[in-house]
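# Topology and contacts: notes
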Amino acid sequence: MMANEDPCLSVGSAKRASVLEKGACVSSKFAASHNETSQTKSHPLGPIAAHEIIQSAALIRSCWPDGEECRFKMLTLLEPQKAELLPYLTAERAGQVPEYNIDRRVFVVYSIRGTHNVHEAVVNLTTGKVESNAKLGPFMHPNTDAEEVLAVEKAALEHPDVRAELEKLKLPSGAVVVSDPWIYGSDGVNEGKFFDDRRLMHCFLYMRDPNNPSEPDGCHYSFPLPVVPVVDPATLELIRIDILPTGLDEKVRPLSPWKPVPANEYIPEAQEEMRGDVKPLRVVQPEGTSFTVENYSELGRLIRWQKWEFKVGYNQREGMVLYDVHYDDKPLFYRLSLSDMCIPYGDPRHPFHRKAAFDLGDVGAGVMANNLKLGCDCLGSIYYIDGLLADTHGRPVVMPNVICVHEQDAGILWKHVNYRTSRAVVVRNRELVLQTILTVSNYEYILAWIFNTAGDITYEAKATGILSTQPVDLELTKTPHPFGTVVHPGVLGGYHQHFFSLRVDPMVAGPGNAIVYDEAVALPRDPILNPHGVGYTTHRTEIETSGGYDLDPGKSRTFKIINPSVRNSVNGAAVGYKLMVPPMQPILADADSFHFKRAEFADHSIYVTRYAEGELYAGGRYTNQSRGGEGVRSWANRKDSLAGGDPVVWIQFGINHIPRVEDFPVMPVETLRVMLRPVNFFDRNPAIDVPSSRQEINCSVAVDGSGTSLESAVRGMSLGGDGEERGLTTAAGASRDSPCVCP
Ligand SMILES: [Cu+2]
């Protein structure tokens, strides 16, 4: 053991240490237990288990002298290299028990408590060694954590200088001030009390309703205050206090007494009246679910549903990750994950110009996931998956119910009525949903992978929660504001963009995928071929090098992942999956700005890179106060050839959030959907074999105009669109003799 030596390899600013730098630290204690560890077989894609967290933390601690306390920022599975893993997965699918010879590694980011001394390390649990352990260089900062956020809140509110500033606001007696610490975006300024390369947080302050200050769930965003303490989260030192501009321009005026405004609460007990005409709507699956779940490792889940089969993992940064996605035994995707998010604000004034959060990189989707509740977050028959993460002390922490798995009815999938016979054949769209919900301070994201019976995969992101509000002078409430929308007297919801980056690592019909885009283009008029000027055709472009690409609705430009070596048996086309991506306004911050440089994915709807180990996060590994230079734009700029290659597709989508009054005090969901949809992949509609929708099964009831159920089984039967009924006028039939028995 090297406890008295500095085990750190200092890393220059230009690059991080190679994660496989050898020999930094070996714990004799854990080297001795190596045999025991390697005998505990676990799947290479299994999320790290409790004993692995404990072992990894102990190995890291053993690198340091007693008295130096490690604060674990990230402790997560380092997935094996694709070249090692693919043969393993192939053997596994072939029913062979693969030889487990892939070392189990854990990636760790930690600091020495109370300091900015931050390291990244790779622990090899198979050998019981710390394989690398390197100090982070300048402009690389770790994610924040919940413990730190709470400590920063407290430090900001208790500091006498902050209290002195708040005194100037002459808040009502008994006022309770609340602090929302925020990630501190880079701006390149390093002067006096302004530090760009010191990890800081700035705290936006609010007040609870002064008439009900004991209500802990009151909406403090209705009472934003203009005082913003800046705190060092490692030392909890107050760095400075910023005062917000509250007018229409950048001018900051001396603090003046707070003026009363009404509350605006979202909790039900605060509403004057709740509507009383919402009747129960229950989702019932009397025979249980159509999916099955089994463990492929201690914590990893293998889900099978309607010809789909895939593994579900969970980690601190990305939360839910899907691996090895197959349909009807056909390979489709090697790995699917939300890679990062960025939310840059458009208010140019200090200090709002620093508001740009990368929710996955700066905090982590895994750690922010909600404990989902039956009958609230999820309706029907629900299978819940727990997460297991490490806390800052390197202890395992169970995150209950972070993913819910359930089926839902999504309306009709396909239908046809032969008007000659009136026979309707109707198939309903059954979906399998894997949902996770993140709370990022004021805001919520409801994220879901959704599979259907026609081979489609949808990624759905719903934005909800509360705007991060800022104060505006009360007398400006009815004056249009250049940088936001007034959503309540004295309360501004600033303009901001939301960008999501989805990482799609494909293996459509096997390896050797290519990325193309097809466009529909008008034919020029031609007296012989196109004399009426109505003709159009399609035109394919293969993407030959890595780069950023855009949608073009005017050309119906559609990006596709194809496998040129596998041909459709009907038409001979290369089999593929198309990307149905909603239009997105690229980031508005200019190309020289730090918002733009840091949000390496926010300028194009599509990025294509050539697969490279370790390139998982679109904004780079360390987004907190990053300055750009690592992330998908930088990787794409290598202009790698994609010939015969292994492309990775990064799909960006988002909204420009120009707040509405209706978004306050809590925002109804705004929904975005990306779909991965087969194109010339199957030989016909893959959902042709899904049984028709039948009233005997679905037990729906007709109601009268008051919503009361009509006691008419006959009418219910004849309206059904099952495969045997003959339209609306059927007078007799077998199904009529089998009345529904519904629980
Ligand atoms: Cu928003």
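Residues numbered from 1 in each chain as written. Predicted model: local features only at pLDDT ≥ 70, side-chain atom pairs only at ≥ 80, totals over all residues.

### What to know about the overall build of the protein chain
Looking only at helices and strands, the protein chain has eleven helices and 33 strands in total. By the burial criterion, 43% of the 743 residues in the protein chain qualify as buried. By sequence separation, contacts in the protein chain at least 24 residues apart represent 67% of the contacts at least 6 residues apart. (Helix = DSSP H or I, 4+ residues; strand = E, 2+ residues; numbered from the N terminus. Buried ≥ 20, exposed ≤ 12 C-beta atoms within 10 Å, placed from the backbone. Contact = placed C-beta atoms within 7 Å.)

### A look at the sheet that holds strand 27 (residues 536–542)
Reading across the sheet, the ten strands line up as 17-18-19-20-21-33-30-29-26-27 and stay open at both edges, with antiparallel pairing between neighbours. Either end of the sheet is taken by a strand with one partner, and the two such strands are strand 17 (383–390) and strand 27. Across the sheet, the mean angle from the axis of one strand to that of its neighbour is 25°, orientation sign disregarded. By the bridge criterion, nine bridges tie strand 20 (residues 443–452) to strand 21 (residues 457–465) in an arrangement that is antiparallel. Within strand 21, the residue paired with Y443 across the bridge is G465. (Pairing = 2+ DSSP bridges. Axes fitted to C-alpha atoms, helices over the stretch in contact; angles between N-to-C directions.)

### With respect to the pairing of strand 32 (residues 647–657)
Taking burial as the measure, the eleven residues of strand 32 include nine buried ones, the bulk of the element. Pairing analysis gives nine bridges linking strand 25 (residues 496–506) to strand 32, with the strands arranged antiparallel. Residue pairing in the sheet places R503 in a bridge with W650 of strand 32. Examined bridge by bridge, strand 31 (residues 606–610) and strand 32 share five bridges and lie antiparallel to one another. Residue pairing for strand 32: R610 is matched across the bridge by P647.

### Quick word on the sheet that holds strand 24 (residues 491–494)
Spatial strand order, 22-24-23: three strands in an open sheet with antiparallel pairing. Edge positions in the open sheet fall to strand 22 (469–471) and strand 23 (484–488), since each of these has one partner strand only. Each strand of the sheet is rotated relative to its neighbour by a mean of 45°, with strand direction disregarded. In the sheet, strand 22 pairs with strand 24 via three bridges, with the strands oriented antiparallel. Its bridge partner being in strand 24, T469 is matched across the sheet by G493.

### Notes on the nonpolar core
If you look at the biggest cluster of nonpolar residues, it comprises 159 residues, and the most contacted ones within it are I60, V108, V123, V649 and I651. Contacts of I60, omitting those with residues within four sequence positions, involve C70, V108, Y110, A121, V123 and V130. (Core = buried A, V, L, I, M, F, W, Y, C linked by C-beta atoms within 7 Å.)

### Here's the deal with the environment of I239
By the element assignment, I239 lies in strand 10 (residues 238–243). A C-alpha to C-alpha distance of 9.2 Å links I239 and F195, two positions 44 residues apart in sequence. The residues touching I239, leaving out its near neighbours within four places in the chain, are K193, L200, V230, V231 and D232.

### Thoughts on helix 4 (residues 82–93)
One full turn of an α-helix is made of 3.6 residues, so residues set three or four places apart face in the same direction. Compared with the 16 Å implied by 1.5 Å per residue over twelve residues, the 16 Å span of helix 4 between its first and last C-alpha is a close match. Taken from the residues just after helix 4, G95 is the one with a positive phi, measuring 85°. (Expected span 1.5 Å × (residues − 1).)

### Side note on helix 3 (residues 50–61)
In this model, helix 3 (twelve residues) spans 17 Å end to end at C-alpha, consistent with the 16 Å of a helix rising 1.5 Å per residue. For helix 3, every residue scored as buried is listed here: E52, I53, Q55, S56, A57, L59 and I60.

### So, the confidence of the model for the protein chain
Considering every residue of the protein chain, the mean pLDDT works out to 91; 90% of them sit at 70 or more. Every residue in residues 1–40 scores below 50 in pLDDT, and together they form 73 contacts with partners more than four places removed in sequence or on other chains. Counting interchain partners and residues more than four positions distant, the pLDDT-below-50 stretch residues 713–743 has 49 contacts. (pLDDT = per-residue confidence, 0-100.)

### Focus: the pairing of strand 10
Pairing of strand 9 (residues 227–231) with strand 10 involves five bridges; the strand directions are antiparallel. Of the residues in strand 10, the one forming a bridge with V228 is D242. Where strand 9 hands over to strand 10, the hairpin turn is made up of six residues, of which L236 adopts a positive phi near 65°.

### Structural notes on unusual backbone geometry
Here the residue pair H350 and P351 is connected by a cis peptide bond, since its omega of -5° sits within 30 degrees of zero. Among the secondary structure elements, P351 is positioned in the loop between strand 15 (330–344) and strand 16 (356–357). The step from F664 to P665 runs through a cis peptide bond, and the omega angle for that step is 5°. You can see P665 is positioned in the loop between strand 32 and strand 33 (667–679). Phi at D324 is positive, roughly 55°, even though this residue is not glycine. Mapping D324 onto the fold places it in strand 14 (residues 319–327). Of note in the backbone geometry, D329 takes a positive phi value of approximately 70° without being a glycine. Its place among the elements puts D329 in the loop between strand 14 and strand 15. Judged by C-beta crowding, with 8 C-beta atoms within 10 Å, D329 ranks as exposed.

### Examining the environment of N295
As for its placement among the helices and strands, N295 is situated in strand 11 (residues 291–295). Exposure remark for N295: the 11 C-beta atoms within 10 Å place this residue in the exposed category. Put simply, N295 and K311 are 16 residues apart on the chain and 9.0 Å apart in space, counted from C-alpha to C-alpha. Ignoring anything within four residues of it in the chain, the contact list for N295 reads G300 and R301.

### Details of the environment of A58
Along the chain, the position of A58 falls in helix 3. Note: C-alpha distance between A58 and G394 (336 residues apart in sequence) is 8.1 Å.

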